[in-house]
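# Remarks on the overall topology
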Amino acid sequence: MIPPRIRRRRATDLDGCVAALAEVHRVDRYPLNWPTDPHRWLREPHPARAWVAADADAAIVGHVAVHRLPGPATGPPARPTAEVARLFVLPAARGLALGSALLARARHWASARGTDLVLDVTCGDAAATALYERTGWRCTGVSVAPWTAPDGSPVSLRHYTLRSDTVPAIAARRRASRPAASRSSGGSNTSTS
């Protein structure tokens, strides 16, 4: 089996993204509230960058986007920050580390721009929480979402952050833990977008 390829999302990918998202929603209830217009939900707010994982048949099996966040209106300028959003992997494509690979693509983009990353996840999503914590994200708190669940109940969110200056340190630790023969193979197999 040829592993899915991660590449920048194209406008022509949106129908495939919506089809994959519908399956994720059916299985995992993500997003918790199905959007009225899922094409628009994937496009807005206008992402700084979005990527898809596509299988050998060009079917979309995963997605992630990053949205730039505005700095403070007053006071000293904050570090540039972007939000990781719309991360999902088709249930049939799980077990291939696509969630980690999509997050790595977002981290690489952020690191190249000196941009910190943040994200929110519903408190009940144990699989997503485990993925974020396993890949170096730090929980910064919990709050109640400004929206409700389909039944009208409040939704608690866990907030995570990843500073752009921690990404090279994480990568260096991973490189150092690999055997010397694999470190001398000539670089990374991930491409930049």
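Residues numbered from 1 in each chain as written. Predicted model: local features only at pLDDT ≥ 70, side-chain atom pairs only at ≥ 80, totals over all residues. Heavy atoms only, no water.

## What to know about the side chain of Asp 13
Our working rule: Per the convention used, a helix needs a DSSP run of H or I reaching at least four residues, while a strand needs a run of E reaching at least two, with both numbered from the N terminus. To sort residues, take the accessible area from a 1.4 Å probe on protein chains only and compare it with the maximum for the residue type: under 20% means buried, over 50% means exposed, and anything in between is partly exposed. Here a polar contact is taken to be a pair of N or O atoms separated by no more than 3.5 Å, where protein atoms must pair a possible hydrogen donor with a possible acceptor and residues adjacent in sequence count only if both atoms sit in side chains. Pairs of residues are marked as contacts when any of their non-hydrogen atoms sit within 4.5 Å.
As for its position among the elements, Asp 13 is in the loop between strand S1 (5-8) and helix H1 (14-28). The exposure class assigned to Asp 13 is buried, which follows from its relative accessible area of 6%. At 2.7 Å, the side chain of Asp 13 and the backbone nitrogen of Arg 10 are in polar contact. In this view, Asp 13 contacts Arg 7, Arg 8, Val 52 and Ile 60; residues no more than four positions away in its chain are not counted.

## Examining the layout of surface pockets
What counts here: Cavities and pockets were defined on a 1 Å grid built from protein atoms only: a cavity is a group of points that admits a 1.4 Å probe but offers it no way out, a pocket is an open group of points flanked by protein on both sides within 12 Å along at least five of seven lines, and a lining residue is one with an atom within 4 Å of any such point. Grid points are joined across faces, edges and corners, and a volume is the space filled by probe spheres set on the points.
Of the volumes computed, that of the largest pocket is approximately 1300 Å³. Lining the largest pocket are 42 residues, and of these Tyr 30, Leu 87, Val 121, Asp 125 and Tyr 132 lie nearest its centre. Looking at the lining of the largest pocket, the elements that each hand over two or more residues are H1, strand S4 (81-89), helix H3 (98-112), strand S5 (116-122), helix H4 (126-134), strand S6 (138-148) and strand S7 (154-162). Ranked by residue count, the leading element in the lining of the largest pocket is S4, at 7 residues.

## Notes on the nonpolar core
To keep it simple, the criterion reads: Nonpolar cores were defined as sets of buried Ala, Val, Leu, Ile, Met, Phe, Trp, Tyr and Cys residues, with membership established by side-chain atoms within 4.5 Å.
Within the largest apolar cluster, 39 residues are counted, with the highest numbers of intra-cluster contacts made by Trp 51, Val 66, Val 84, Leu 117, Tyr 132 and Trp 137. Not counting the four nearest positions on each side in its chain, Val 84 is found in contact with Val 64, Ala 65, Val 66, Leu 103, Ala 106, Leu 117, Val 118, Leu 119 and Trp 137.

## Some points on the confidence of the model for the protein chain
Using the following cut-off: Confidence per residue, as judged by the predictor, is encoded in pLDDT with a range of 0 to 100.
Across the protein chain, pLDDT averages 86, with 84% of residues at or above 70. Taken together, the stretch residues 167-193 has pLDDT below 50 and engages in 19 contacts with residues farther than four places along the chain or on a different chain.

## A short note on the pattern of salt bridges
Here is the rule we go by: Any Lys or Arg side-chain nitrogen located within 4 Å of an Asp or Glu carboxyl oxygen qualifies as a salt bridge.
Applying the stated criterion across every chain, the model contains 6 salt bridges. When the shortest N-O distance is used, the salt bridge between Asp 28 and Arg 94 registers 2.4 Å. Here Asp 28 is found in helix H1, whereas its partner Arg 94 is found in the loop between S4 and H3, with 66 residues between them in sequence. For Glu 133, the salt bridge identified is with Arg 158, shortest N-O distance 3.1 Å. Residue Glu 133 is found in helix H4, and its partner Arg 158 is found in strand S7; the two are separated by 25 residues along the sequence. The class for Arg 158 is partly exposed, based on a relative accessible area of 21%.

## Considerations on H3
For the record, the criterion: Take the residue count of a helix, subtract one, and multiply by 1.5 Å to get its expected span.
In a regular helix each residue adds 1.5 Å, so 15 residues correspond to 21 Å; H3 covers 21 Å between its end C-alpha atoms and thus fits that length. Of all the residues in H3, the buried ones are Leu 98, Gly 99, Leu 102, Leu 103, Arg 105, Ala 106, Arg 107, Trp 109 and Ala 110. Among the residues trailing H3, Gly 114 stands out with phi positive, at a value near 60°.

## Let's talk about the sheet that holds S7
Convention followed: Strands are treated as partners if at least two bridges between them are detected by DSSP. Geometry is summarised by axes, namely lines fitted to C-alpha atoms with helices restricted to the contacting stretch, and by angles between N-to-C directions that run from 0 to 180 degrees.
Read from one edge of the open sheet, 7 strands run S1-S2-S3-S4-S5-S7-S6, paired in mixed fashion. In the strand order of this sheet, the two ends are held by S1 and S6, each with one partner. Strand-to-strand twist across the sheet, computed as the mean angle between neighbouring axes with direction ignored, equals 25°. In this structure, strand S2 (residues 49-54) lies alongside strand S3 (residues 60-69), joined through 6 bridges in antiparallel fashion. Note on S3: the bridge partner recorded for Val 52 is His 63. Seen against the sheet, H4 touches S4, S5 and S7 and runs at an angle of roughly 15° to S7.

## Focus: H4
Short version of the rule: The directions from the helix axis to the C-beta atoms are what the arc is built from.
Of all the positions in H4, only Ala 128, Thr 129, Leu 131 and Tyr 132 are classed as buried. Relative to the axis of H4, the buried residues are bounded by an arc of 160° and lie together on one face. Across from the buried face of H4, at angles greater than 90 degrees, the exposed residues are Ala 126, Ala 127 and Arg 134. Contacts made by the buried residues of H4 are with S4, H3, S5 and S7. Positive backbone phi, approximately 95°, marks Gly 136, located one or two places after H4.

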